[in-house]
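Residue-level structural notes
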Amino acid sequence: MAFLLRHLSCLFVLTSLLTLSACGGKKQIQQPPPPEEQEVADLSCAYFYFLWGKHAENQNKLEEAREAYEKALVCDPEAEFVAQKLPILLIRMDQRQEAVQWLEETIQQNPEDRSSLQLLARLYINEGRYDEAIELYQRLRRLEPANETTLLRLGYLFGQKGDYQAAEQILQEILVSNPSAYFAHLYLARIAVKSNDAEKAAGRYETCLKLNYSAELISEMIEFYGLHKMGDRVLALHRLALNEEPENEQLSLAFIQVYFSLKQPSKGMRELVRLRSFAKDPDRIDIITARIYISRDRFNQAIPLLQSIVSKGHHGEAEYMLAALFFDQKNYDKSLNHLKQLRESDKQYPDSIYLRVRILKLLKKEGKAFELLEQITNDSDRRRPEFFSLLASMHMGRDEFNKGYAVLKRALVLFPDNELLYFEYGLLLDKEKKTDEAITWMKKVLVLNPDNAEALNYIGYTWADANRNLDQALSYIRKAVAKKPENGYIRDSLGWVYYRLGEDHKAEKELKKALQLEPTDPHIFDHLGDVLLRLGNTDTAIDHFRKAVELFEDAEKKQAVQEKLRQLEK
């Protein structure tokens, strides 16, 4: 009874304080009594501050809530209801590292605190610390061997680490006690996909579908069956989805995409027509249809469809697509007319300016192109860093270096943290053969964005070409390749630095990859010729040098390769 009275009195005090604070300005949290006046664990004090913290948290006064919870723990260090609340509050406050530290200390004091173990494991997963998360879930497993959630988490984590055997073993353990465990079957399906066992994955997916239909599962299965060319199963899924969710736009779009990838265009087009009949935005479906027509070179069907869209009102994407179609047909006047319709708010607006400049240059109206870019870069509502970059590159193309520098300096005042402008400045210096200064500017790009693949590649290739700083050059270029593995020019740089390091077989492998990605680049033919020559494949090297001569437009570079051929053909 005494305990209840103490809590009731505490609630009365809290209510009074909250009422007073509403009238008297800022709340002041009552300080705990001095240690000599406290009980060993003052439960009423702890509960008072816990309620105070909860009220503050509900009002989104998170700092005040934290202070109250911490004072509650001063009153009663063993108050689990507070200790469990505080790390969650820290996460809400985006103070995850403090939450991790708090939970680690809590678990050290109480190794069997399951809620803290679970929460810390989830934080570790969010940080990609899978090994540490696995260790925590293994501890939870020892505490509750049959806990399905714990076993699922372990199976998922082993799968993420690529230890598919351990993952499968744990997930099968779940199915022994619960054959209908949906997520165990789903994770096993995904493991089978990663293990390239398509038939086993298909079986698991079908089991999941029997247990629980969902649009998300259907989408995953569509992608899987499409990838493995299982057209009959895609068709079966389509029939099922039509029965369950006949007007699900996302599923319909997924089926359309897969039918075209399976080379079943008639099914795709039929579904596209059906989708348009219930779509919330029919114009969006017409855009997709136009794209399909364009991909199949059916321009005469795409153009009227797009013209119908723009006739109903402004539509930036349709205008730009029409401009691009007329550009490909060399109908530059019509293309320009559509490009002029684009607004600054349209996503395609920057591309429209690039295309307008390109057309004006093709029409020998370069002065108009400069005038357009000058107008835009002087307009505070329309100017963007990429327009300054384009204007500077046009000056660069005319060897007007001082004008190019002036444009970029003006841009850097307006956009001091834009990596594109620093990169462009470096290219301008490179064209003047001021290589060391160019590298300095490229390093400024990396200060703003350490993962800028183009800047990494420029520095790495420049060092490799000068045969210096080769280890660091390799490190830079490898990082660039990791960011853009399908970029043939960066692959060429990797091959070239391997050549400089004397690793000719690695160089040959990378340069052949580069040539697959960029089959008309003369530099790659030239580099591969050098590698093949050193490997003793003289005839093949000569063929590559001849191809480089054929493709080079730069007279100086063409002459340098011709000199190699003359030496070899003596």
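All values derive from a computational prediction rather than experimental measurement. (Residues numbered from 1 in each chain as written. Predicted model: local features only at pLDDT ≥ 70, side-chain atom pairs only at ≥ 80, totals over all residues. Heavy atoms only, no water.)

Quick word on the packing of aromatic side chains
To be explicit about the condition: Two rings from Phe, Tyr or Trp (for Trp, the six-membered ring) form a pair when their centres sit within 6.5 Å of each other. Planes less than 30 degrees apart are called stacked, planes more than 60 degrees apart edge-to-face, and all others tilted. Numbering goes from the N terminus for both helices and strands, where a helix is a DSSP run of H or I of at least four residues and a strand is a run of E of at least two. Under the scheme applied here, a residue whose accessible area is under 20% of the maximum for its type counts as buried, over 50% as exposed, and between as partly exposed, the area being computed with a 1.4 Å probe on protein chains only. Only when the NZ of Lys or the CZ of Arg is both within 6 Å of the ring centre and within 35 degrees of the ring normal is a charge said to sit over the ring.
The tally for this structure, following the rule as stated, stands at 15 aromatic pairs. Here the aromatic rings of Tyr 205 and Phe 224 are separated by 5.4 Å at their centres, their planes lie at 50°, and the arrangement is tilted. Of the two residues, Tyr 205 is situated in helix H12 (residues 198–211) and Phe 224 in helix H13 (residues 215–227); the sequence distance between them amounts to 19 residues. Per residue, the accessibility class of Tyr 205 equals that of Phe 224, and both read buried. A connected cluster of aromatic rings, assembled from ring pairs, spans Tyr 156, Tyr 182, Phe 183 and Tyr 187. For Arg 534, the ring lying beneath its charged end belongs to Tyr 499, and the centroid distance is 4.0 Å.

Some words on the environment of Lys 200
By secondary structure assignment, the location of Lys 200 is in helix H12. The sequence separation of Lys 200 and Leu 90 amounts to 110 residues, and the corresponding C-alpha distance is 43 Å.

Focus: the layout of surface pockets
Stated formally: Here a cavity is any set of points on a 1 Å grid over the protein atoms alone where a 1.4 Å probe fits but cannot get out, and a pocket is any open set with protein on both sides within 12 Å along at least 5 of 7 lines; a residue lines the site when it has an atom within 4 Å of a point. Grid points are joined across faces, edges and corners, and a volume is the space filled by probe spheres set on the points. Under the scheme applied here, ten amino acids are nonpolar (Ala, Val, Leu, Ile, Met, Phe, Trp, Tyr, Cys and Pro), four are charged (Asp, Glu, Lys and Arg), and all others, including Gly, are polar.
In this model, the largest pocket occupies a volume close to 1,400 Å³. Lining the largest pocket are 33 residues, and of these Asp 430, Tyr 461, Asp 465, His 523 and Lys 557 sit closest to its centre. For the lining of the largest pocket, the class distribution of residues is 11 nonpolar, seven polar and 15 charged. Estimates place the volume of the second largest pocket at around 360 Å³. Together, 13 residues line the second largest pocket, and Pro 77, Glu 78, Ala 83, Thr 106 and Gln 109 are the ones closest to its centre. Per-element accounting of the lining of the second largest pocket gives the leading share, four residues, to helix H6 (residues 96–109). Of the residues that constitute the lining of the second largest pocket, the class distribution is five nonpolar, four polar and four charged.

A look at the pattern of salt bridges
Rule in force here: Salt bridges, as used here, are contacts in which a Lys or Arg side-chain nitrogen is within 4 Å of a carboxyl oxygen on Asp or Glu.
Under the criterion given, the structure shown has 38 salt bridges. Between Arg 284 and Glu 249 there is a salt bridge, and its shortest N-O distance comes to 3.7 Å. Of the two residues, Arg 284 sits in helix H17 (residues 282–295) while Glu 249 sits in helix H15 (residues 249–261), which places them 35 residues apart along the sequence. The class for Arg 284 is partly exposed, based on a relative accessible area of 35%.

Thoughts on empty space enclosed by the protein
Under the counting rule described, the total for this entry stands at one cavity of 30 Å³ or more. Taken as a whole, the largest cavity spans an internal volume of roughly 50 Å³. Every residue lining the largest cavity is listed: His 238, Ala 241, Leu 242, Glu 245, Pro 246, Asn 248, Leu 251, Ser 252, Phe 255, Glu 271 and Arg 274. Classifying every residue of the lining of the largest cavity by side-chain character gives five nonpolar, three polar and three charged.

Comments concerning the state of the cysteines
To be explicit about the condition: The definition used for a disulfide is geometric: two cysteine sulfur atoms within 2.5 Å.
All told, the structure shown has one disulfide when counted by the stated rule. Here Cys 45 engages in a disulfide with Cys 75; their sulfurs sit 1.8 Å apart. Linking Cys 45 in helix H2 (residues 43–58) with Cys 75 in helix H3 (residues 62–75), this pair joins segments that are 30 residues apart in sequence. Here Cys 45 and Cys 75 have matching classes, each one buried.

Side note on helix H7 (residues 114–126)
Which entries qualify depends on this criterion: One less than the residue count of a helix, multiplied by 1.5 Å, gives the span that helix is expected to have. Here, two residues are considered to be in contact whenever any of their heavy atoms come within 4.5 Å of each other.
Along its 13 residues, H7 runs 19 Å from first to last C-alpha, staying within 8% of the 18 Å computed at 1.5 Å per residue. Those residues of H7 that fall on the buried side of the exposure criterion are Ser 116, Leu 117, Leu 119, Leu 120, Ala 121, Leu 123, Tyr 124 and Ile 125. The inward-facing, buried residues of H7 contact helix H5 (85–92), H6, helix H8 (130–143) and helix H9 (148–161). A positive backbone phi angle near 75° is found at Gly 128, which sits one or two residues after H7.

What about helix H25 (residues 419–431)?
Rules: Whenever two N or O atoms come within 3.5 Å, that pair is a polar contact, provided that in protein one can donate a hydrogen and the other can accept it, and provided that, for residues adjacent in sequence, both atoms are side-chain atoms.
Its 13 residues give H25 an end-to-end C-alpha distance of 19 Å, which sits within 8% of 18 Å, the value for a rise of 1.5 Å per residue. Those residues of H25 that fall on the buried side of the exposure criterion are Leu 421, Tyr 422, Phe 423, Glu 424, Tyr 425, Gly 426, Leu 428 and Leu 429. By the N-cap criterion, in which a side-chain oxygen at the helix start approaches the backbone nitrogen of a residue two or three places on, H25 is capped by Asn 418, the distance to Leu 420 being 3.1 Å. Looking one or two places after H25, you find Lys 433, whose phi comes out positive at around 65°.

Things to note about the packing of helix H27 (residues 453–465) against helix H29 (residues 488–500)
Threshold: The axes used here are C-alpha line fits, helices contributing only the stretch in contact, and every angle between their N-to-C directions lies in the interval 0 to 180 degrees. To sort the angles, those under 35 degrees are grouped as roughly parallel, those over 145 as roughly antiparallel, those from 65 to 115 as roughly perpendicular, and the leftovers as oblique. For any pair of crossing helices, the crossing counts as left-handed if the nearer helix is rotated counterclockwise from the farther one by less than a right angle, and right-handed if it is rotated clockwise.
One way to put it is that H27 packs onto H29 with a least axis distance of 9 Å and a crossing angle of 30°. When the interaxial angle is binned, H27 and H29 end up roughly parallel. Every pair of crossing elements has a handedness; the one defined by H27 and H29 is left-handed. Residue-level inspection shows Ala 453, Asn 457, Tyr 461, Ala 464 and Asp 465 of H27 in contact with H29, the latter providing Tyr 489, Ile 490, Asp 492, Ser 493, Trp 496, Val 497 and Arg 500. Across the contact of H27 with H29, the residue classes break down as seven nonpolar, two polar and three charged.

A word on the side chain of His 238
Position of His 238 among the secondary structure elements: in helix H14 (residues 231–244). Among the polar contacts made by the side chain of His 238, one reaches the side chain of Tyr 259 at a distance of 2.8 Å. Non-local contacts of His 238, meaning those with residues more than four positions away in its chain, are made with Phe 255, Tyr 259 and Glu 271.

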